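An overview of the molecular structure
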Amino acid sequence: MEVSSESKNVTNYDVQLTQFQADGKPTPGQQSRDVKLRVESVNGGLNLTFSADGAVVAEGRVVPSTTRVASGDFLHILHFEQATMVIRFADTIDASRFATTLKRDIAKTSVFDERTEESSAKQYFQFYGYLCQQQNMMQDFARTSTYQAAILQNGEDFRGKVVLDVGAGSGILSFFAAHAGARKVYAIEASSVAQHAKTLVENNNMSGIIEVIHGQIEEVHVPEEVDIIISEPMGYMLFNERMLETFLHAKKWLKPNGRMFPSQGDLYCSPFMDDMLSMEMFNKANFWCMSSFHGVDLSSLRATAADEYARQPVVDTFDVRILLARPNRYTVNFSTADETDLHRIHYPVKFEITQPGTIHGLAFWFDVAFIGSTSTIWLSTAPHEPLTHWYQVRCLLKSPLLVRIGQTVTGTVTLLANTRQSYDVTIELSVDGTTQRSSNCLDLKNPYFRYTGMQAQPPAQANQTGPTDAYWGGAADSLTTINPSTGLDTTGKSAGYAGMRGTNDVAVMSSYGPVGSSYTGLSGLTSGTNGSVMSTRIASNISGGAAYAVMPDQLIAQQPAQQQHQQQQAQLPASQVHPALASRFGLHSVQVAQPGSSSSNSSSVRIPVVANQPVAAIPVQGLSTVYRQTSPAAGQPYMAAGYDTTNTQWQQQ
């Protein structure tokens with residue numbers, strides 16, 4: 001390499017030149033040859049002149065729109081409208097000097113560079129170059145499995161087709177496309193993980209189908225048009241990282257009527273109430289209130305810190321019940337949208353409040369659709385769907401808004417792209433018919449990652465019934481009134497459903513009342529009456545169709561004489577004892593009354609117990625909970641159900 005004396009803007013190199021036509025075929029008569037390259041910087045571009053034996057053999061001008069790629073340590077590839085030039089330099093010093101000239105004398109090297117700060121791009125590609133980051137995404141079950149299903153279930157869109165994988169990463173989507181029958185897959189990856197993707201391709205014997213190209217989609221050259229473009233370009237709040245613009249830019253290689261996977265993106269937002277989050281963000285700034293932090297007064301920065309925290313979007317998950325209205329949706333059709341459409345996103349919002357509360361901000365999430373010729377598959381990051389590595393994003397207002405049911409809240413959402421591969425998000429809301437208004441501008445590049453892996457907490461006012469009652473199927477340690485004439489409690493349930501016992505610990509089955517036949521928990525009912533029904537099929541495969549109650553032998557003896565003669569006991573083998581009882585208590589037999597008159601359907605079960613030890617509840621078919629008798633005496637059987645017409649106050653155990 002030498003710098004010409006005629007001008008400091010001219011540099012000469014000894015290179016090897018290979019030329020290709022626009023269709024990718026070698027230029028006739030222009031095989032690889034050693035030539036002199038003269039590079040002259042003129043008016044924001046580079047004029048290239050290639051000569052051999054004193055004659056000019058090729059010329060070209062490199063401008064900001066020229067696609068160019070540095071490949072390896074020696075090669076530079078330049079794509080012009082009518083031809084492609086592959087330039088091989090004699091050594092790495094010359095190749096590096098030429099690359100420096102390109103960056104110095106051409107304003108921007110690609111569309112990506114035009115919209116991205118160099119420091120941001122460097123950090124971005126370094127981040128995704130780590131295998132641990134690739135693993136984090138690959139292990140997102142909802143993400144990876146949905147992509148696989150979308151591709152394989154639409155095999156007709158891939159079989160025998162050419163596929164472009166934009167931002168391929170580990171190449172997992174390329175493998176899915178190959179599994180679906182793709183003829184060729186071009187996997188474009190700009191980070192260093194491209195080398196690992198090549199390793200996976202080789203070790204999985206896919207080199208004949210998948211070709212990994214290391215470079216940015218805005219700069220690389222794809223040898224042919226493609227039938228379908230696949231990518232995972234979504235960031236937090238759908239648009240963060242601005243990878244969607246790269247996804248849309250790749251359409252320059254897409255055939256007419258080609259497909260985009262994903263095909264559509266929907267960004268949802270809804271007003272939310274979260275007092276805990278609001279107080280947490282406010283209190284974070286109080287650190288800067290200290291007047292003596294190791295002898296330093298920090299208070300002068302408190303207002304600045306509060307403003308910074310207020311500008312942080314919160315990345316976490318939440319209970320869907322904190323939302324105060326149905327969400328609004330903003331849709332992007334990836335097949336028709338242009339990348340410039342995403343430079344400024346602005347849309348109105350309108351919410352009809354469905355529950356009263358305080359609006360602390362807007363919650364955002366997204367869904368994307370893979371619209372194939374066979375089926376449409378959706379990937380959702382909604383709070384009511386399985387959690388993904390995208391979580392959800394919440395943007396707080398500077399001041400909350402108090403709302404009532406039926407009120408209308410209107411406003412706007414604006415996302416303005418910045419050169420840090422992110423967006424400045426502005427939300428504005430007002431309550432119609434009032435003077436309440438609030439807004440905030442947030443920096444999506446600097447979110448507060450709040451997720452902890454813990455289950456999202458429901459709002460404090462979410463319970464409309466007693467939570468303990470709802471969980472246990474009734475109020476623990478409370479009295480339930482039984483109607484002796486119907487056999488039902490005050491809620492209309494069968495007395496046997498609750499698994500009750502007398503408050504005096506003695507249940508005398510002295511009378512029977514009819515049981516509602518519409519109660520689906522009962523099993524094997526006769527058309528007559530039935531007393532103390534335990535709807536659990538404790539004893540199964542018994543002829544006669546009776547439902548059987550569990551009661552101690554000694555209580556049978558306490559029944560009126562006219563009923564005792566009907567307690568003709570029958571033995572059942574262990575195999576016919578309900579498995580839940582048999583396994584828990586080691587039962588070997590169960591005593592069951594012979595089916596007969598409507599008042600004879602009772603039985604006894606001998607259950608060994610330990611003195612002063614509670615008997616655990618047993619989950620059984622048809623009944624969510626079997627209540628226990630605490631601290632029974634040694635040898636005393638377990639009282640599972642029963643009611644006494646002389647004592648209508650019964651206690652759930």
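So, here is what we can say about the structure in this document. Since the model is a prediction, treat every value here as computed from it, not as a measurement. (Residues numbered from 1 in each chain as written. Predicted model: local features only at pLDDT ≥ 70, side-chain atom pairs only at ≥ 80, totals over all residues. Heavy atoms only, no water.)

Brief notes about the overall build of the protein chain
For the record, the criterion: Put simply, DSSP H or I for four residues or longer makes a helix, DSSP E for two residues or longer makes a strand, and each gets a number counted from the N terminus. Accessible area is worked out with a 1.4 Å probe on protein chains only. A residue is then buried under 20% of its type maximum, exposed over 50%, and partly exposed in between. Contacts are assigned to residue pairs that have any heavy atoms within 4.5 Å of one another.
Counting its secondary structure elements, the protein chain contains 14 helices and 31 strands. Scored against the burial criterion, the 653 residues of the protein chain give a buried share of 51%. Across the protein chain, the fraction of contacts at a sequence separation of at least 24, relative to all contacts at a separation of at least 6, is 67%.

Re the side chain of Asp266
Quick reminder of the rule: Pairs of N or O atoms within 3.5 Å make up the polar contacts considered here, provided that, within protein, one atom can donate a hydrogen while the other can accept it, and that residues adjacent in sequence are counted only when both atoms are side-chain atoms.
With respect to the helices and strands, Asp266 occurs in strand E14 (residues 264–272). A polar side-chain atom of Asp266 sits 3.1 Å from a polar atom in the side chain of Gln264. Other than its neighbours up to four places away in sequence, Asp266 contacts Leu238, Arg329, Tyr330, Thr331, Trp365, Phe366, Asp367 and Trp378.

Overview of the sheet that holds strand E23 (residues 437–443)
Where we set the bar: Any two strands with at least two DSSP-identified bridges between them are counted as paired. Each axis is a line fitted through C-alpha atoms, taken for helices only over the stretch in contact, and angles between the N-to-C directions span 0 to 180 degrees.
Reading across the sheet, the 4 strands line up as E17-E21-E22-E23 and stay open at both edges, with antiparallel pairing between neighbours. Two strands bound the open sheet, and with one partner strand each, they are strand E17 (344–352) and E23. Between one strand axis and the next, the sheet turns by 15 degrees as a mean value, whatever way the strands run. Pairing between strand E22 (residues 422–431) and E23: 7 bridges, direction antiparallel. Bridge assignment links Asp424 to a residue of E23, and that residue is Asp443.

A short note on the packing of aromatic side chains
Short version of the rule: Stacked, edge-to-face and tilted are the three classes for Phe, Tyr and Trp ring pairs, Trp counted by its six-membered ring, which pair at centre distances within 6.5 Å; planes under 30 degrees apart are stacked, over 60 edge-to-face, the rest tilted.
Using the criterion set out here, one finds 20 aromatic pairs in the structure. A ring pair is formed by Tyr13 and Phe89, whose centres lie 5.3 Å apart and whose planes are at 85 degrees; its orientation type is edge-to-face. Of this pair, Tyr13 sits in strand E2 (residues 10–21) while Phe89 sits in strand E8 (residues 83–89), and the two are 76 residues apart along the sequence. Like Phe89, Tyr13 is buried.

Section: the nonpolar core
Proteins that are soluble and globular tend to have nonpolar side chains buried together. Applied cut-off: Here, nonpolar core means buried Ala, Val, Leu, Ile, Met, Phe, Trp, Tyr and Cys residues that are tied together by side-chain atoms lying within 4.5 Å of each other.
Ranked by size, the top nonpolar core spans 99 residues in total, and within it Leu164, Phe239 and Phe364 carry the most contacts. Dropping the residues within four chain positions of it, Phe239 is found in contact with Leu244, Leu267, Tyr330, Val332, Leu342, Ile345, Leu415 and Tyr423. Ala52, Val62, Met85 and Phe98 belong to the second-largest nonpolar core, a separate cluster that totals 19 residues.

Notes on the pairing of strand E13 (residues 254–261)
For clarity, the cut-off: Seen with its strands pointing away from the viewer, a crossover is right-handed when the path leading from the first strand over the helix to the second is clockwise.
Of the strand pairs in this sheet, strand E12 (residues 226–231) and E13 are connected by 4 bridges, and their pairing is parallel. In the strand pairing of E13, Ile230 is matched with Phe261. Chirality of the crossover, the property in question, places the unit of E12, helix H8 (residues 243–249) and E13 among those that are right-handed.

Digging into the environment of Ser119
Considering the arrangement of structural elements, one finds Ser119 in helix H3 (residues 118–128). Counting along the chain gives 301 residues from Ser119 to Arg420, while the straight-line C-alpha distance between them is 8.4 Å.

Side note on H3
The criterion, for reference: By construction, the arc corresponds to the directions joining the helix axis to the C-beta atoms.
Inspection of H3 places Ser120, Ala121, Tyr124, Phe125 and Tyr128 among the buried residues, and these make up the whole buried set. Each buried residue of H3 sits inside an arc of 120 degrees when the element is viewed along its axis, so together they form one side. Facing away from the buried side of H3, by more than 90 degrees, are the exposed residues Glu118, Ser119, Lys122 and Gln123. On its buried face, H3 sits against helix H2 (111–115), helix H4 (131–138), helix H7 (193–203) and H8.

Regarding the pairing of E17
Residues in a regular strand point their side chains to alternate faces of the sheet. In E17, alternate side chains face the same way, and those of Ile345, Tyr347, Val349 and Phe351 are buried while those of Arg344, His346, Pro348, Lys350 and Glu352 on the opposite face are not. The pairing of E17 with strand E21 (residues 408–418) spans 9 bridges and is classified as antiparallel. Bridging across to E21, Arg344 finds its partner in Leu416.

Here we look at the side chain of Asn440
By secondary structure assignment, the location of Asn440 is in strand E23. Setting aside chain neighbours within four positions, we find Asn440 in contact with Ala310, Leu396, Leu397, Lys398, Val425, Thr426 and Ile427.

A few points about the packing of helix H5 (residues 141–152) against helix H6 (residues 172–179)
The criterion, for reference: Working rule for angles: under 35 degrees goes down as roughly parallel, over 145 as roughly antiparallel, 65 to 115 as roughly perpendicular, anything else as oblique. Two helices that cross are described as forming a left-handed crossing if the nearer one is turned anticlockwise from the farther one by less than a right angle, and a right-handed crossing if clockwise. Classification convention: Asp, Glu, Lys, Arg as charged; Ala, Val, Leu, Ile, Met, Phe, Trp, Tyr, Cys, Pro as nonpolar; all other residues, Gly among them, as polar.
At a closest axis distance of 9 Å, the pairing of H5 and H6 adopts a crossing angle of 30 degrees. In terms of orientation, H5 lies roughly parallel with respect to H6. Crossing angle aside, the handedness with which H5 passes H6 is right-handed. Where H5 approaches H6, its residues Thr144, Tyr147, Gln148, Ile151 and Leu152 are matched on the opposing element by Leu173, Phe176, Ala177 and His179. Partitioning the contact of H5 with H6 into residue classes produces 6 nonpolar, 3 polar and no charged.

With respect to the sheet that holds strand E9 (residues 162–166)
The 5 strands lie next to each other as E11-E10-E9-E12-E13, forming an open sheet whose pairing is parallel. Of all strands in the sheet, those bounded by a partner on one side alone are strand E11 (210–214) and E13. Within the sheet, the average angular offset between the axes of one strand and its neighbour, ignoring direction, is 20 degrees. Pairing between E9 and E12: 4 bridges, direction parallel. Along E12, the bridge assignment pairs Leu164 with Ile229.

Brief notes about the pattern of salt bridges
So the rule is basically this: In the sections that follow, a salt bridge refers to a side-chain nitrogen of Lys or Arg positioned within 4 Å of a carboxyl oxygen of Asp or Glu.
Tallied over the entire structure, the rule returns 19 salt bridges. When the shortest N-O distance is used, the salt bridge between Asp157 and Arg259 registers 3.1 Å. Linking Asp157 in the loop between H5 and E9 with Arg259 in strand E13, this pair joins segments that are 102 residues apart in sequence. Look at Asp157 and you get buried, because its relative accessible area is 8%. Measuring nitrogen to oxygen at the nearest pair gives 2.8 Å for the salt bridge that ties Arg450 to Asp316.

Focus: unusual backbone geometry
A cis geometry characterises the amide bond from Phe261 onward to Pro262, with omega recorded as 5 degrees. Position of Pro262 among the secondary structure elements: in the loop between E13 and E14. Here Gln421, not a glycine, exhibits a phi torsion of approximately 60 degrees, which is positive.

So, to be careful, I would describe these as geometric facts and stop short of saying anything about function.
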